[in-house]
Amino acid sequence: MEPSTTSGKPIITIGQHIQTEQWAHPTATGELSWLLGAITLATKIIESNVRNAGIRDVLGATGVSNVQGELVQKLDQISNDTIVRCLGYYDNVGIMVSEEDDEPIVAKDVGEKGKYIVLFDPLDGSSNIDVNVSIGTIFSIMQRRSDTPPSDAPLSECLQPGINQVAAGYVVYGSSTVMAYTTGNGVHMFTLDPSFGAFVLTRENIQMPPEGKMYSVNEAYRGTFPEGYQRYLEWAKTKDAGTYSLRYIGSLVADFHRTLLRGGVFLYPPTAQAPGGKLRLLYEANPLSWIAEQAGGAASDGRRRILEKQPESLHQRTPLILGSKTEVERVLSFLD
Ligand code: AHG
Ligand code: MN
Ligand code: MN
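In this report, the structure presented in the accompanying data block is examined. (Residues numbered from 1 in each chain as written. Chains lettered and ligands numbered in written order. Predicted model: local features only at pLDDT ≥ 70, side-chain atom pairs only at ≥ 80, totals over all residues. Heavy atoms only, no water.)

**Things to note about the side chain of N286**
Now for step 1: Note on placement: N286 falls in helix α7 (residues 281-294).
Now for step 2: Judged by its relative accessible area of 0%, N286 is buried.
Now for step 3: In this structure, N286 is in contact with M142, Q160, P161, G162, Q165, L281, I306 and L307, ignoring residues within four places of it in sequence. (Helix = DSSP H or I, 4+ residues; strand = E, 2+ residues; numbered from the N terminus. Buried < 20%, exposed > 50% of the residue type's maximum accessible area, 1.4 Å probe, protein only. Contact = heavy atoms within 4.5 Å.)

Structure, rendered in structure tokens:
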């Protein structure tokens, strides 16, 4: 495989890019850059486990269920432990919130120094792990709002709306391993070059196509979607809608990555089984919604902007309509 160093383009690693972003903020202390670097390291380790899953004994379930009531896959647990270990000791991380842990993980003895909260879905798309379909990692970073020791009030500090995020990103472990992140200054994308193990800049300031003739939903549950969603899906199949395609991978992070690059809309409506939606607000919907908006897209729960939702609980679920502005607005027009 030719390393990315062979093309004539400048080679910028994610570390250098984050550093450049940091210099653009005169008050930046470099702590956020360090955090993003630690997350990048964790995703490289996860990537190595994903790539070797069939060889290393990391496939299959652990036999325990998580707070979501889902069977935890071995790779979920390994990915979770990896992120905690890569972030855990650093004293600027006060609290970690993971899909796999019931309660917030409070870093000990950080006092007011532990100013960041890192929220993550260590491995998204777990049902696809054993069948070699793209999966990913999603993360969101916020700042604690008080300087009381995090052990005193971890939960209330984590329940902040998505507009408070200071950084968000995802990694797709697919045919190649791609990371996208934002710190509020556009969306930038990197591809892992396995020949030397670095994420190299491949796209800067990504703009999501304003429309896209693709919708992404699990139509098996269509019969229990609220009426408006069913009307939208009927419309999308009519001639005057133009030729929509249905693409559904079943890993949110992969379905979103395609939507970010090609346009279209991802939907996970309320269902009989999940009347409040299936996807989690804090570490799935918020980070991807901010990335979508930073790329000119939109994200709603069917009634309001995802990023303005005030979370009531750590693992709160939400309906999610995410993608090109025009396509999201079109879905919403059927929900009135
Ligand atoms: P996770 O593996 O982190 O629990 O997330 C799975 C989610 C999301 O990735 C995907 O969009 C959705 O579950 C698929 O749900 P259905 O199988 O109900 O379609
Ligand atoms: Mn997930
Ligand atoms: Mn997960």
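**A few points about the coordination of the manganese ion (ligand 3)**
Now for step 1: Those protein atoms acting as donors to the manganese ion (ligand 3) are E99 (OE), D121 (OD) and L123 (O), and they sit at 2.2 Å.
Now for step 2: If you list the donors of the manganese ion (ligand 3) from N- to C-terminus, the spacing comes out as E-x21-D-x1-L.
Now for step 3: In this structure the manganese ion (ligand 2) is found 3.7 Å away from the manganese ion (ligand 3), and D121 serves as a bridging donor for the pair. With a gap of 22 residues between them, E99 in the loop between β3 (93-98) and β4 (105-106) and D121 in strand β5 (residues 116-124) connect regions that are remote in the sequence. Both residues of the pair, E99 and D121, belong to the buried class. (Donors = N, O, S within 2.8 Å, 3.2 Å for Na, K, Ca; no water.)

**Quick look at the coordination of the manganese ion (ligand 2)**
Now for step 1: The protein atoms that coordinate the manganese ion (ligand 2) are D121 (OD), D124 (OD) and E284 (OE), at distances of 1.9 to 2.1 Å.
Now for step 2: The motif formed by the donor residues of the manganese ion (ligand 2), counted along the single chain, is D-x2-D-x159-E.

**Re the nonpolar core**
Now for step 1: By size, the foremost hydrophobic cluster in this structure holds 35 residues, and its most contacted members are L35, L36, L87, V118 and I141.
Now for step 2: Here the element with the most residues in this core is helix α2 (residues 31-51); it accounts for eight residues.
Now for step 3: The residues touching L87, leaving out its near neighbours within four places in the chain, are L35, A38, I39, V93, M96 and V118.
Now for step 4: In this structure, V172, V187, Y268 and A295 belong to the second largest nonpolar core, which totals 27 residues. (Core = buried A, V, L, I, M, F, W, Y, C linked by side-chain atoms within 4.5 Å.)

**As for the sheet that holds strand β17 (residues 320-323)**
Now for step 1: The strand order across the open sheet built from five strands is β12-β11-β13-β17-β15, with neighbouring strands paired in mixed fashion. Taken across any chain shown, the strands that pair with only one partner, and hence form the sheet edges, are β12 (245-246) and β15 (298-300).
Now for step 2: Here strand β11 (residues 214-216) pairs with β12 via two bridges, running parallel. Note that in β12 the partner of Y215 across the bridge is L246. (Pairing = 2+ DSSP bridges.)

**Details of the sheet that holds strand β6 (residues 135-143)**
Now for step 1: Taking strand neighbours across the sheet as the criterion, the eight strands line up as β4-β3-β5-β6-β7-β8-β9-β10 in an open arrangement whose pairing is mixed. Both outer strands of the open sheet, β4 and β10 (198-203), are each paired with one neighbouring strand and no more.
Now for step 2: Pairing of β6 with strand β7 (residues 167-173) involves seven bridges; the strand directions are antiparallel. In the sheet register, I135 faces β7, and the bridge partner there is Y173.
Now for step 3: The strands touched by helix α3 (residues 74-88) within the sheet are β3, β4, β5 and β6, with β5 carrying the most contacts at an inclination of about 155°.
Now for step 4: Docked against the sheet, α7 engages β3, β5, β6, β7 and β8 (177-182), running at close to 85° with respect to β6. (Axes fitted to C-alpha atoms, helices over the stretch in contact; angles between N-to-C directions.)

**Structural notes on the site of ligand 1**
Now for step 1: Ligand 1 sits among 19 residues. The nearest are D124, S126, Y221, Y248 and Y268.
Now for step 2: Between ligand 1 and E70, the relevant distance is 3.5 Å, taken from an oxygen atom to a side-chain nitrogen or oxygen of the residue.
Now for step 3: In the complex, 90% of the free accessible area of ligand 1, which totals 470 Å², lies under the protein chains.
Now for step 4: Of all the secondary structure elements, the ones that give two or more residues to the shell around ligand 1 are β5, β13 (265-268) and β14 (279-280). (Near = heavy atom within 4 Å. Polar contact = N/O pair within 3.5 Å; in protein donor to acceptor, adjacent residues only side chain to side chain. Areas by Shrake-Rupley, 256 points an atom, 1.4 Å probe, with all protein chains shown as cover.)

**Considering the environment of D91**
Now for step 1: Topologically, D91 is positioned in the loop between α3 and β3.
Now for step 2: It is 10.0 Å that separates the C-alpha atoms of D91 and E31, two residues lying 60 residues apart in sequence.

None of the figures reported here should be taken as evidence of function without further support.
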